[in-house]
Amino acid sequence: VQLQASGGGLVQPGWSLRLSCTASGSDSTIYIGAWYRQAPGKLRELVARITTVGSIWYTDSVKGRFIISIDNAKNTVALQMNSLKPEDTAVYYCNDNPPRFSWGQGTQVTVSS
């Protein structure tokens, strides 16, 4: 299974971005339910996850700003990121929770004025 996150970019503080995830290479239906990020010099961390029954969890630093949702047609996740802060700068990855698949390249999100 190959995972590809997209939608990142360079934005100013306070702006929004929407990340999408695609999964390919599987003959069966798979579920991708989480977003992770890795900032320079830091470990990869779980940002948000949504289960198949709709239970949602966010890390404290993004609560009230980020919204995770499921693209039912793709069985993968999207992440609406609002009120972005410089500390949100990282490479963002999609995967399941716990991660079951190889990490894709991720998508770079840079928040800077």
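As a starting point, this report considers the structure included with it. Predicted model, so just to flag it, every value in this text is computed and none were measured.

Observations concerning the sheet that holds strand 3 (residues 17-24)
The four strands lie next to each other as 1-3-8-7, forming an open sheet whose pairing is antiparallel. Here the strands that pair on one side only, and so sit at the sheet edges, are strand 1 (2-6) and strand 7 (66-71). Across the sheet, the mean angle separating the axes of adjacent strands is 20 degrees when strand polarity is ignored. Examined bridge by bridge, strand 3 and strand 8 (residues 76-81) share four bridges and lie antiparallel to one another.

Some words on the pairing of strand 7
In terms of strand pairing, strand 7 meets strand 8 through six bridges, oriented antiparallel. The partner of Ser69 across the bridge, within strand 8, is Ala78. Between strand 7 and strand 8, which pair antiparallel in sequence order, lie four residues; one of them, Asn75, sits at a positive phi of approximately 55 degrees.

Re the pattern of salt bridges
In the structure shown here, the tally under the stated rule is five salt bridges. The salt bridge partner of Arg37 is Glu45, with a shortest N-O separation of 2.7 Å. Taking relative accessible area as the criterion, Arg37 reaches 6% and is therefore assigned buried. Residue Glu45 is classed as partly exposed on the basis of its relative accessible area of 31%.

Brief notes about the state of the cysteines
In this structure the tally under the stated criterion is one disulfide. With its sulfur 2.1 Å from that of its partner, Cys21 forms a disulfide with Cys94. Handedness of the Cys21-Cys94 disulfide follows from its S-S torsion of about 70 degrees: it is right-handed. Note that Cys21 is positioned in strand 3 and Cys94 in strand 9 (residues 90-95), a separation of 73 residues in sequence. Each member of the pair, Cys21 together with Cys94, is buried.

Considerations on the packing of aromatic side chains
Per the stated rule, a full pass over the model turns up two aromatic pairs. Judged by centre distance (4.9 Å) and plane angle (85 degrees), the rings of Tyr36 and Trp103 are edge-to-face. Placement of Tyr36 in strand 4 (residues 34-38) and of Trp103 in the loop between strand 9 and strand 10 (107-111) is noted, with a sequence separation of 67 residues between them. Of the residues examined, Tyr36 reaches a relative accessible area of 5% and is grouped as buried. For Trp103, a relative accessible area of 32% puts it in the partly exposed group. Seen in terms of ring centroids, Tyr93 and Trp103 are 5.8 Å apart; in terms of plane orientation they differ by 75 degrees. Their pairing is edge-to-face. Residue Tyr93 is found in strand 9, and its partner Trp103 is found in the loop between strand 9 and strand 10; the two are separated by ten residues along the sequence. In this structure Tyr93 comes out as buried when scored by relative accessible area, which is 11%.

Conventions used here
Residues numbered from 1 in each chain as written. Predicted model: local features only at pLDDT ≥ 70, side-chain atom pairs only at ≥ 80, totals over all residues. Heavy atoms only, no water. Pairing = 2+ DSSP bridges. Helix = DSSP H or I, 4+ residues; strand = E, 2+ residues; numbered from the N terminus. Axes fitted to C-alpha atoms, helices over the stretch in contact; angles between N-to-C directions. Salt bridge = Lys/Arg side-chain N within 4 Å of Asp/Glu carboxyl O. Buried < 20%, exposed > 50% of the residue type's maximum accessible area, 1.4 Å probe, protein only. Disulfide = S-S within 2.5 Å. Phe/Tyr/Trp six-rings, centres within 6.5 Å; stacked < 30°, edge-to-face > 60°.

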